[in-house]
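As a plain string of letters, each chain reads:
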Amino acid sequence: MIPVAKPELGEEEIALVAETIRSGWITQGPRVAEFEQAFAARVGARHAVAVSNCTTALHCSLIAAGVGAGDEVIVTPHSYIATSNAILYCGARPVFVDIDPATLNMDPLRVAKALTHRTKAIMVVHQVGRPSDLEALAGIAAARGLKLIEDAACAIGSTYHGRPIGDNCYAPLVCFSFHPRKVISTGDGGMITTGDPVLASHLRLLRQHGMSVNDLERHKSKTVVTETYPILGYNYRLTDVQAAIGLAQLARLDGIIMRRRSIAANYDAAFAGLPGIGLFAEPPGARWNHQTYLIRMLGASVKKRDDFMQALLEEGIATRRGIMSIHREASYISRFGQQSFPESEQASDQCVCLPLYAQMGDADIAKVCSAVRKHAP
Ligand SMILES: *Cc1c(COP(=O)(O)O)cnc(C)c1O
C-alpha cells in the first residue's frame with residue numbers, strides 16, 4: 001500500500017532525542033530555545049515561540065492580537081477545522097469568506113463585504129502550503145486597522161515574492177504545524193513567529209500558565225526565585241524531546257522540499273493532458289513546498305470522486321478527500337445555522353489528495369501516475 005504521507009525520520013532524530021534524554025532535561029528547556037533560534041533563522045523571523053501544536057499557536061496568536069469575546073475574525077471555511085476552532089476558543093466569531101477556486105485560498109475580493117465594526121482580525125490560511133495573496137490581505141488589514149494572522153500550518157519552506165513564509169513581512173503573527181501530515185514533523189508541535197518583542201513575550205507567558213519565570217531560568221538561577229502569574233495562561237508547551245526531533249527535521253527541510261517539488265512536477269506532467277482533471281499551479285511569484293498534492297475532478301459528483309478513490313485503493317494507493325468545508329460540520333451548524341460557500345463546497349467535493357512524501361520511490365510515483373491516468377474520468 002502506498003500511503004498518502006509519511007514523515008522522513010532517521011538516525012539524526014534518534015541521536016538527538018537520545019542525547020536530550022541523557023541530558024536529564026526533557027520538558028521545555030534548552031532544546032526548545034535552540035529549535036526556536038534555528039527556526040527563526042530559517043524563516044528570517046526575529047522571534048520564534050514554540051508551542052504544543054499549530055492549533056494552540058493560533059489560539060495564542062489570536063489572544064496576543066487582542067481577539068476576545070464578541071469580536072469577529074475573517075477566515076476561510078476551506079481549511080482544517082482547527083483554523084476556525086481557535087477563533088471559537090477566544091469567544092470570537094469566525095466570519096467565513098469563500099475561496100477563489102483557482103487557488104483554494106481566501107478570495108481577497110470577497111473580504112470587504114464581510115467586514116463589520118466588530119471585525120478585529122483576518123486569519124489567512126496558506127492552504128496545502130500554497131501562499132495566499134498576502135499583499136492584498138495585508139493592504140486590507142492595514143487600511144482597516146485589523147491584525148493579520150497567518151495560518152501557515154502547511155507552509156514551512158514556501159516563499160512569497162521571494163520572502164520566506166514566516167518572516168513577518170506581511171503579518172505580525174505567523175503559525176506553523178509539525179504534525180506528521182506537514183512537511184517536517186515533531187510528532188505534534190507548533191511555532192509562532194513574530195517581529196515584535198512585546199508580542200513574543202506575551203506569547204511566552206500564554207504558553208506556560210502566564211508564569212513570569214520559566215522552569216529553565218528558575219533552575220539556573222543562583223538566587224531564590226518566586227514566580228508570579230500576571231495573566232491567564234495555558235499549558236501549551238513543546239517538550240525538549242520534540243524540539244530535538246525538530247532540530248534534525250529542520251536540517252532536512254531543503255532536501256525534503258526539493259524532492260517534493262520533483263515528485264509534484266512528475267505528477268503535473270503525467271496528468272497535464274487529462275480532460276477531466278484540474279491541476280493546481282504554483283502561484284506567480286511564489287515557491288510552493290507542495291505540502292499536499294491535490295487534483296480536482298472537474299464537474300464530478302461526490303459519488304464519482306469516491307469511486308475514483310476506491311479504484312485507486314484497490315490498486316494499493318491510498319488517497320484522501322480534498323480540504324474540508326468547516327461550515328458544513330455539525331459543531332458549526334449548531335452554532336451558526338446552515339451557511340453556504342459554494343466554491344469551498346465544490347472544491348471539497350471534487351478534490352482528491354494523492355500520495356506525496358520525500359522517500360517515495362520512483363516506482364511508486366510511476367504506479368500512481370498510471371493508476372490516475374487509467375481511472376481518471
Ligand atoms: C494541520 C493544520 C492545522 C492544525 O495543526 P495542528 O498542529 O495539528 O494543531 C491548522 N491549520 C491548518 C491549515 C492545517 O493544515
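See the structure above.
Residues numbered from 1 in each chain as written. Predicted model: local features only at pLDDT ≥ 70, side-chain atom pairs only at ≥ 80, totals over all residues. Heavy atoms only, no water.

1. Structural notes on the pattern of salt bridges
Pairs can form between side chains of opposite charge whenever their charged atoms are close.
Right, so step 1: Here the structure, examined in full by the defined rule, presents 18 salt bridges.
Right, so step 2: Across the salt bridge formed by Arg42 and Asp254, the nearest N and O atoms sit 2.5 Å from each other. Separated by 212 residues along the polypeptide, Arg42 in helix H2 (residues 30-43) and Asp254 in helix H9 (residues 240-271) bring together distant segments of the chain.
Right, so step 3: According to the relative accessible area criterion, Arg42 is partly exposed, its value standing at 28%.
Right, so step 4: Asp254 gets classed as partly exposed once you look at its relative accessible area, which sits at 49%.
Right, so step 5: In this structure, a network of salt bridges that share partners links the residues Glu8, Glu12, Glu13 and Arg252. (Salt bridge = Lys/Arg side-chain N within 4 Å of Asp/Glu carboxyl O. Helix = DSSP H or I, 4+ residues; strand = E, 2+ residues; numbered from the N terminus. Buried < 20%, exposed > 50% of the residue type's maximum accessible area, 1.4 Å probe, protein only.)

2. Digging into the nonpolar core
Right, so step 1: Formed by 50 residues in total, the largest nonpolar core has its most connected members in Phe39, Ile74, Val111, Ile122 and Leu148.
Right, so step 2: Of all the secondary structure elements, the ones that give two or more residues to this core are helix H1 (11-23), H2, strand S1 (47-51), helix H5 (111-114), strand S6 (119-125), helix H6 (134-144), strand S10 (173-177) and H9.
Right, so step 3: If one sorts the elements of this core by residue count, H9 sits on top with nine residues.
Right, so step 4: Counting only domains with at least three residues in this core, you end up with domain 1 (11-250) and domain 2 (254-375). (Core = buried A, V, L, I, M, F, W, Y, C linked by side-chain atoms within 4.5 Å. Domains from an automatic or database assignment.)

3. Observations concerning the packing of aromatic side chains
Right, so step 1: Enumeration according to the criterion identifies twelve aromatic pairs in this entry.
Right, so step 2: Summarising the aromatic geometry, the rings of Tyr160 and Tyr170 are spaced 5.2 Å apart at their centres and angled 85 degrees between planes, so their arrangement reads as edge-to-face. Within this pair, whereas Tyr160 is found in strand S8 (residues 159-160), its partner Tyr170 is found in the loop between strand S9 (163-164) and S10, the two being separated by ten residues in sequence.
Right, so step 3: When its relative accessible area of 7% is taken as the criterion, Tyr160 is described as buried. (Phe/Tyr/Trp six-rings, centres within 6.5 Å; stacked < 30°, edge-to-face > 60°.)

4. Describing the site of the ligand
Right, so step 1: Taken together, the neighbourhood of the ligand is formed by 15 residues, with Cys54, Thr55, Asp151, Ser177 and Lys182 sitting nearest.
Right, so step 2: Between an oxygen atom of the ligand and a side-chain N or O atom of Ser177, the distance comes to 2.7 Å.
Right, so step 3: Contact between the ligand and Lys182: an oxygen atom at 2.6 Å from a side-chain N or O atom of the residue.
Right, so step 4: Relative to its unbound accessible area of 390 Å², the ligand is 91% covered by the protein chains.
Right, so step 5: Those elements that place two or more of their residues in the shell around the ligand are helix H3 (54-64) and helix H4 (82-89).
Right, so step 6: In the shell around the ligand, the residues fall into six nonpolar, seven polar and two charged. (Near = heavy atom within 4 Å. Polar contact = N/O pair within 3.5 Å; in protein donor to acceptor, adjacent residues only side chain to side chain. Areas by Shrake-Rupley, 256 points an atom, 1.4 Å probe, with all protein chains shown as cover. Nonpolar A, V, L, I, M, F, W, Y, C, P; charged D, E, K, R; others polar.)

5. Some details on the sheet that holds strand S2 (residues 72-75)
Right, so step 1: The strand order across the open sheet formed by seven strands is S1-S11-S10-S7-S6-S2-S3, and the pairing between neighbours is mixed. Among the strands making up the open sheet, the edge pair consists of S1 and strand S3 (93-96). On average, each strand axis in the sheet is inclined to that of its neighbour by 25 degrees, with strand direction left out of account.
Right, so step 2: Where H2 meets the sheet, its contacts fall on S1, S10 and strand S11 (190-194), and the angle it forms with S1 comes to roughly 130 degrees. (Pairing = 2+ DSSP bridges. Axes fitted to C-alpha atoms, helices over the stretch in contact; angles between N-to-C directions. Contact = heavy atoms within 4.5 Å.)

6. Structural notes on the packing of H3 against H4
Right, so step 1: With their axes 9 Å apart at the nearest point, H3 and H4 run at an angle of 40 degrees to one another. Classed by the angle they form, the pair H3 and H4 counts as oblique. Along this stretch, H3 crosses H4, giving a crossing that reads as right-handed. Of the residues in H4, those in contact with Thr55, Leu58, His59 and Leu62 of H3 are Ala82, Thr83, Ala86, Ile87 and Tyr89.
Right, so step 2: Partitioning the contact of H3 with H4 into residue classes produces six nonpolar, three polar and no charged. (Parallel < 35°, antiparallel > 145°, perpendicular 65-115°, else oblique. Left-handed = near helix turned anticlockwise from the far one by under 90°.)

7. Notes on the sheet that holds S8
The strands that make up a sheet are held in pairs by hydrogen bonds between backbone atoms, and each pair lies either parallel or antiparallel.
Right, so step 1: Overall, antiparallel pairing links the three strands, which are arranged S9-S8-S13 in an open sheet. Sheet topology places S9 and strand S13 (286-287) at the edges, where each strand pairs with a single neighbour.
Right, so step 2: Inspection of the sheet shows S8 paired to S13 by two bridges, in the antiparallel sense. If you follow Tyr160 over to S13, its bridge partner there is Ala286.

8. What to know about unusual backbone geometry
Right, so step 1: The backbone of His161 sits at a positive phi, close to 50 degrees, despite the residue not being glycine.
Right, so step 2: Note on placement: His161 falls in the loop between S8 and S9.
Right, so step 3: Despite not being glycine, His209 has its phi angle at roughly 65 degrees, a positive value.

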